[in-house]
Amino acid sequence: MTGDAMGTAILPPDRFFAQQGQHRLRVLVVAAQPFAEARPLDLRREWADLERALRDGAVPVSLARLNPPTLAGLERALRRCQQAGVAPHVLHFAGHGEPRKLLFEDELGGEAWVDRGEVERVLKGTGVRALLLNACHSASLGTIGFAQKLVEAKAVEAAIGHEVPVGDADALAFSRVFYQRLAVGESVFSGFVDGREAMASPEARAAVRIEGEGRFKLEAAGTSAEVRTADGRPERFVVAGAARFFGRAREAVEIGGWIADGEVRAVAITGMGGIGKSSLARQVAERHAWRFPGGVVEATARLIFEAPTAAALLGQAAVGLRRPQTAGATALVQDLLAHAGEAPTLFLFDNLEDLAGEELERLLRFAELVPPGSKVLLTLRPAPEALGGWAWLRALPLVRGLSGPAAVDYALHLGRGKGQDLDRPPPGVAGGATVAAWLASATAGHPKMLELAVGLLATRGLDAARAALPEEAPGAETVELAQAAIQKALEELFRHTFDRLDAAGQAVARVLPLLPTGSVTDAEGAALLAAVEEVEAAEAAARFAAGAEACVKAGLLARAGDVLRFHPTVDQYVRQHLPLAGEAAKRGFGALVDRAVRYVAAHRAEYPTMSRRIDHVLGLFEQAWGLGDTPLRAPVVQAVGALGYYLQAAGRWAVYEAWRPRLAADEETPAARSSRLYRDALHAFNRGQPGEARRLLGEVIRTKEELGDHRGRAASLHELASIEFEQGKPGEARRLLGESIRLFEELGNHQGRAASLHELARIESAQGKPGEARRLLGESIRIKEELGDHRGRGASLHVLATIESAQGNPGEARRLLGESIRIKEELGDHRGRAASLVMLGQLRFAEGERAEGLAQVREAARMVGGEVVPWTGAGPGARGRPRAARAGGWPGGPGRAHRRADGRRGRRVSVAHREWAGPAGGRHGRPAGRPGGRGRGRGRGSAAGCGPARPGRQLPHRRPGADSPGRRRGG
C-alpha cells in the first residue's frame, strides 16, 4: 500500500461528505469525554446507538465523527467542509455542558472548557444549519443559555439543548426520530416536535428546548436509505476495551503527551496484577487512534498458549494489520517496519510479564526501529532492567488504585451490571456511607479487587441480606458479607503471586505492614530487615535488595529512584496471610523510628529534602506515641519539637495542634520550654491571636535574658518587631529591630544581622522611605554574598525589585528579578522562582508585553500546581493584571478571609503594610505555605526570596533557614 493510499485510512469529514453526494443528510458528531476522575460518559455506546437508530430508521444519512474532539479540530473541519461545498447540515455535540460553556477535549485527551463566544466564532459563516446539544444545561432558562445565544448571534438557524440533564434512553430516542424526520425532508422544528414526543419521560420532554424557527429542511430526500459512517479512526483498528473509562486522568494525559512527543518511540505501563494497565493502554490507544492512519493493533501474550515470544506477538500484529504472511522472524519485522514507515502505526503489546527476558529485549529492539511517528505501547507487571537505559522509552508505574470518586463510580457501574444497588448505606449502619463507597475504601480503589468483591457480593446475595434485616437492626450481616467478599478477592488476587516469591521476597513482603505509608527507601528497608532478622547490616542490605527485586518483578512493589512503593491492598493481604512475630515487629519498628529521628536531626533545616519524607516520618512518630510509655517516646518528642518550625511553615496546623500537649509534657529545662513558647507564639499569631503572641514572646525574651542566650533573645526581638509592625506600631518595631541588630552585631552573627536588616528595610519602605530601604537591603545583600547565602541573597534581590518597581524603575526591577530567578533556579527553589516569575510577568504585562507577561505568570502557576486568574490586587495600575493562584490561596488578595481555629470566619493578618507596593503600584504576593519563608506572602528576608505580601496575608513561621535570625538554635 502506498503512502497516499494509506493516508485515506482516516477520512476527514470534508472528504467523507464529498464522497456521499449532495442529497443525503450530513451530520457531524463531536463526542467529547475528556479524561477525568469523575463523571464518565459512555460516548462509544452513544455513537453506536445513534448509528443503529438511524439504520433502523432506513433513512439516507452520512454520519461523521470528529477526532480528536477539539475546538481547533472542529474549526478546521468546518472550514474545509465549507470550501468543499459539503457543510454539515447538523452539528451534534455530545458531552458535558454548562449554561455558558461546553467541555471539549484537548489533543492529549484533557479537559478544555470552551465558552459560547468561541463556539459562535467557529460556527459563524460555515453553513451549519442546526445545532443539537446533547449536553446538560445547554438550554438553561435561568440565563441566556448556550442555544439561545448562538441563534441570536446567527451562528446557526436553530439550536436544540437541554435545560437539565436528560437520561441516555430519552436522549437517544429523541435523536433517532429527529434525524429520521430530517432525512426524509421534514423541517428541523418538525423533527424536534416528533423527537420530543418519542421521549418516555415527561420530565425529559419538558427539559428539551429549541431556539430559532427551525425551518430548514433537506431540499430532496435521498433515494438510498443506507447510513454511511466515518468514526475518525483508521480502518485497521484492532483494540479491545470497555467503552466507559474510570479515573486515571493524570496518567492518561501524561501518556498522551509521550504519544505526541516525536522523541519517544515506546511507552511501558507497569504495575501489579489487576491494577488497570491494560484498560489504560487500550483507552489511550483509542483516544489517539486519529494520529495513526496506518492502523492501531493489539497483540497480547495471553493468546499465546505456548511460551510467548516476540515473534509470536509480532505475528499477531501482522494479522491485525492484514499484512501478507511472511516466512521467518526477520522478514516479519521488516514487513511491519515497512508498513509503519508508509503511515504512522500504533502497536499495543499487552500482558508481557510472561515474556522471557531475552524475548522482551527483542520486542524492545523492534520498538527502537519503528519509524518516526509510529509508537509502541507495552504493559507488564514487573519493571525489569530491560526497560532502563533507553532514551526513547518512557515508563509509567501504576502503584495506586483509582481515586476515591472514580472508585465509587466504578463500583456503582459494576453493581448495576450485576443487578446490585450499591448506592445506599447498608441497613442500620450509621454514617451514611454507601456500600459502593465502603467497597472503594476497603479495596483502596484496586479495580480488579472491586470487580471480584462486587461479583462475590452478588453471588452471596446482598439483596437477600437487606430483606432479612429490619431497618432498625444493625447491619452486621451486610458488612460481614462485604468483608468476606473482600477477603476472598484478596486471596484470589494475591495467593499465586506470593507463592511464587522466594525466601528473600517473602521476607521483604512480611515487613511491609510496619511501614505507616506505602513506601520505603532501600537504606530504610535494609535497616528494617537487619533489626527484624537480627543479622549484620551488610547481609541485610543484600537480602533486602534481592527480596525487593523479587517483589518488583512480581508487581507487588514499584520503584521510583531509591523509593519503593506498594499498593495498600498488598499491605492488607500481608497482614492477614504473612504475619510477623511480635518481638520481631517491635525490633523492626524501633529501627524505623530510630532512623526517622536521625533523619530529622540531619535534615530539619533542609525543607525540600524533609518534604519528600515528612508524611512517612510523622506516621512513624504517631505510631510510636500510640504504643504508650516506651523508650521510643523521648526521642520522638525531641524530633517533633525540632520540626515545629517546619510544621507551622508548611501549614500543618492539625499536626502541630495534636503534638503541642505532648511537647509541653516534655519540659525538662527552661531552654526547652522557651523554645516551645517561641513556636507557640508564632502559632498564635498565625491563628489570629496577636495579643497572645506578644505575651508569649515577652516571656521568651525574659527567659533568654536570664539564661544569657543573647542569640535567642535577638531572634525573639526580631519576631516581636514583625508583630508590632503588623499591629500598626512601626516605631516600636524599629526600636526592637535596632536592638536585635545590635545584639547580632555584638555576637558576630552576620546571618541574623542580615535578616534583621532585611526586615527593617521592609518597614522603612512601607513608611515611605525607599532610599533608606535600598541602603539597608544593599547591606543585607552584601553580607549574604560574603557568607555564600545564595538563598537569602535571592530573597533580598526580589524585595529590592519591588522597591524599584514602586519607585518607577521597571528596568532595574526586571534586572534584579532576573538575577533572583537565576539564583533560585540554581538552588532548585521552585516556589521562590515561581513567585519572582509572577512579579516579572506582572511587570511585563503592565509595560505592554501582555503575551510574554501572561506566559510567565502561567509558567509560575504550573510550577506550584495553580492556574491563572484575573488580577484582584489593589492600587493604581492594578486593573487587568494577571496573577497566579493555587489551592491554598497563593497569592491571595487583600484581607483574604480564612477559617480560624475556633471555626469562625476571620481575616488573615500580615506583616505587610498597604503602602508596600508591588509592580506599578499593585500588591505582590508569594506562594502560600512554602516551608522556609516568613510565609504566605511576606516580603521579608525569607528563604524563598518571594516578595512582599498584600495586606491581610497570614504571618507565616520562620524556618531555621537562610534569613532566619533564630536558625539552628531551637527558638
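Note that this is a predicted model, so its numbers are computed, not measured. (Residues numbered from 1 in each chain as written. Predicted model: local features only at pLDDT ≥ 70, side-chain atom pairs only at ≥ 80, totals over all residues. Heavy atoms only, no water.)

Colleague: An account of the overall build of the protein is needed here, citing residue identities and associated values.
Modeller: Tallying secondary structure elements over the protein gives 38 helices and 23 strands in all. Residues classed as buried in the protein amount to 57% of the 971 residues present. Of all intrachain contacts in the protein linking residues separated by at least 6 positions in sequence, the fraction that spans at least 24 positions is 72%. Summed over all atoms, the accessible surface of the protein reaches about 38100 Å², with 50% contributed by carbon and sulfur. (Helix = DSSP H or I, 4+ residues; strand = E, 2+ residues; numbered from the N terminus. Buried < 20%, exposed > 50% of the residue type's maximum accessible area, 1.4 Å probe, protein only. Contact = heavy atoms within 4.5 Å. Areas by Shrake-Rupley, 256 points an atom, 1.4 Å probe, with all protein chains shown as cover.)

Colleague: Talk me through the sheet that holds strand β6 (residues 111-115); I want residue IDs and the actual numbers.
Modeller: With antiparallel pairing, the 3 strands of this open sheet are ordered in space as β4-β5-β6. Each edge of the open sheet is held by one strand with a lone partner, namely β4 (97-98) and β6. Pairing of β4 with strand β5 (residues 101-105), which is carried by 2 bridges, proceeds in the antiparallel orientation. Its bridge partner being in β5, Gly97 is matched across the sheet by Leu102. In the packing of helix α5 (residues 116-123) onto the sheet, contacts are made with β5 and β6, and the angle to β6 comes to roughly 80°. (Pairing = 2+ DSSP bridges. Axes fitted to C-alpha atoms, helices over the stretch in contact; angles between N-to-C directions.)

Colleague: Tell me about the nonpolar core, and please be specific about residues and values.
Modeller: Among the nonpolar cores identified, the biggest contains 109 residues, and Ile255, Leu439, Phe498 and Phe621 are the most heavily contacted of them. Sequence-distant contacts of Ile255, that is, excluding residues within four places in its chain, are made with Val267, Ile269, Leu280, Val284, Leu377 and Leu396. Formed by 52 residues, the second largest nonpolar core is a distinct cluster that contains Leu682, Phe685, Leu696 and Ala801. (Core = buried A, V, L, I, M, F, W, Y, C linked by side-chain atoms within 4.5 Å.)

Colleague: If you had to explain helix α35 (residues 790-806) to someone new, which residues and values would you point to?
Modeller: Here α35 spans 25 Å end to end across 17 residues, near enough to the 24 Å set by a 1.5 Å rise per residue. Of all 17 residues making up α35, 15 are buried, and the element is well covered by its neighbours. At the N-terminal end of α35, a side-chain oxygen is found 3.0 Å from the backbone nitrogen of Gly792, two or three residues along, and the residue is Asp789. (Expected span 1.5 Å × (residues − 1). Polar contact = N/O pair within 3.5 Å; in protein donor to acceptor, adjacent residues only side chain to side chain.)

Colleague: Could you give me a rundown of the packing of helix α34 (residues 770-787) against α35, with the residues and numbers involved?
Modeller: Describing two packed helices takes the angle between their axes plus the distance from one axis to the other. Close contact between α34 and α35 brings their axes to 9 Å; oriented N to C, the two are set at 160°. By the angle class used here, α34 and α35 are roughly antiparallel. Judged by the twist between their axes, the crossing of α34 over α35 is left-handed. Between α34, through Pro770, Ala773, Arg774, Leu777, Ser780, Ile781, Lys784 and Glu785, and α35, the contact on the second element is made entirely by Gly792, Arg793, Ser796, Leu797, Val799, Leu800, Ile803 and Glu804. Class assignment for the residues of the contact of α34 with α35 results in 8 nonpolar, 3 polar and 5 charged. (Parallel < 35°, antiparallel > 145°, perpendicular 65-115°, else oblique. Left-handed = near helix turned anticlockwise from the far one by under 90°. Nonpolar A, V, L, I, M, F, W, Y, C, P; charged D, E, K, R; others polar.)

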